[in-house]
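# Coordinates in review
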Amino acid sequence: MILEKEQTHFIAEIKQKVRKAQYEALKSVNTQLIDLYWEIGKAVSEKQSENWGKSVVPTLSKELQKEFPGVGGFSEGNLWLMAQFYSEYHGSEVLVPLVRDIGWSKHVIILKKCKDEKKRQFYILAAKKFGWTKNVLAHQIENQVYEKYLISQTNFSQILPDEIKNQAYLAVKDEYTFDFLELAEEHNEKQLEQSLVGNIRNFLQEMGHAFTFVGEQYRIEVGGKEFFIDLLLFHRHLKCLVAVELKIGEFLPEYKGKMEFYLAVLNDTVKLPEENDSIGIIICREKNRTVVEYSLKTGNAPIGVATYTTDNHLPENYETYLPTIQEIDEKLLGLISSSE
């Protein structure tokens, strides 16, 4: 029996070494490919500035495909993307250090869909950190995750310790898009909860890749009385329970007090010793941002207040809620530090 355990452990170690080697090999290939495309883009851009004209790109494409048959990536369209990639990134102190962090197909999506430097920085960092596939990345950009991240409302900066504060910011959005639900415009909280649980895979994908499902109508007992948390999740990176309360109307200040009660009970009776304190997310159909701001000013429990929609949109006049450039830099710095 001991020998079997040792063999199992030995085999697991070897498998892990193989996986690590495969990952390093893929990472090396990606780095070399990005370096090549960067150099090609630079060369094409320089020739364009020397008034060579656009005909050089079709000619170069044909010659490369003829010289390297079976090697993809040398189409005329891709060469123009390489030139755009270099010309739009090479002067940016923010973007140049990140160009090797993700694959070319993901760079193309960001290049085409995002024009703002900060937005590009965010999606490169997030794609690397969360391991987003090309399709997930495109979906996140379409869902305007960057904007929702910037305008999210939480009290994490006052409550949470520095070592998990930045991770927590990333874990809570300002608005969740539940466009996968087949709900009537008028629905109650039970129908919303049941639909989310019935579509648990899509729900967890929208919440974020590090969330796992613990239970619905999670029962806690205090003083001989029962209470039920709508949804209880666990965040693997934050190593904490996450209580989710669903409200089909507008946020009310009393919701915060109820959530603080739930979190206190979870911390005392459910949380394991090695886990961090629990976090609460109140998801409402609507919220008055000023009311939320005042509600979160006091208290000692980490809570975020978000809205949900069953279609894909941002709040009206969302630009007025965007933080200053300095605050955006601080948030992105937090994303960088939590990626390292």
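Everything in this summary refers to the structure shown in the same document.

Basis of the calculations
- Residues numbered from 1 in each chain as written.
- Predicted model: local features only at pLDDT ≥ 70, side-chain atom pairs only at ≥ 80, totals over all residues.
- Heavy atoms only, no water.
- Helix = DSSP H or I, 4+ residues; strand = E, 2+ residues; numbered from the N terminus.
- Contact = heavy atoms within 4.5 Å.
- Areas by Shrake-Rupley, 256 points an atom, 1.4 Å probe, with all protein chains shown as cover.
- Pairing = 2+ DSSP bridges.
- Expected span 1.5 Å × (residues − 1).
- Buried < 20%, exposed > 50% of the residue type's maximum accessible area, 1.4 Å probe, protein only.
- Salt bridge = Lys/Arg side-chain N within 4 Å of Asp/Glu carboxyl O.

Helix and strand counts for the chain come out as 14 helices and seven strands. Within the chain, contacts between residues at least 6 apart in sequence are counted, and of these 65% link residues at least 24 apart. Summing over all exposed atoms, the chain offers an accessible surface of approximately 18300 Å²; the carbon and sulfur share of this is 52%.

Glancing now at the pairing of strand β4 (residues 225–235). In terms of strand pairing, strand β3 (residues 211–222) meets β4 through ten bridges, oriented antiparallel. Each bridged residue has a counterpart across the sheet, and for R219 the counterpart in β4 is F228. Hairpin geometry of β3 and β4 is characterised by an intervening segment of two residues between the two adjacent antiparallel strands and by a positive phi of about 60° at G223. Where β4 meets strand β5 (residues 240–250), five bridges bridge the pair, whose relative direction is antiparallel. Residue L232 lies in a different strand from β5, and its bridge partner there is A243. Hairpin connection of β4 to β5: four residues between the antiparallel strands, including K239 at a positive phi of 55°.

With 16 residues, helix α12 (residues 254–269) extends 23 Å between its outermost C-alpha atoms, agreeing within 8% with the 22 Å of an ideal straight helix rising 1.5 Å per residue. Residues of α12 that are buried: Y255, K256, M259, Y262, L263, V265 and L266. Those residues of α12 that are buried lie in contact with β3, β4, β5, β6 (279–286), α13 (289–295) and β7 (303–309).

Attention shifts here to helix α4 (residues 104–113). The buried fraction of α4 is high, at seven of ten residues. For α4, every residue scored as buried is listed here: W104, K106, H107, V108, I109, I110 and L111.

Let's shift gears to the pattern of salt bridges. Applying the stated criterion across every chain yields a total of 15 salt bridges. K113 serves as the salt-bridge partner of E142, at 3.7 Å between the closest nitrogen and oxygen. One end of the pair, E142, is in helix α6 (residues 134–142); the other, K113, is in helix α4, and 29 residues separate them in sequence. Accessibility expressed as a relative area gives 44% for E142, which makes it partly exposed. What makes K113 partly exposed here is its relative accessible area of 40%. In this structure, the salt-bridge partner of E193 is K190, at a minimum N-O distance of 3.9 Å.

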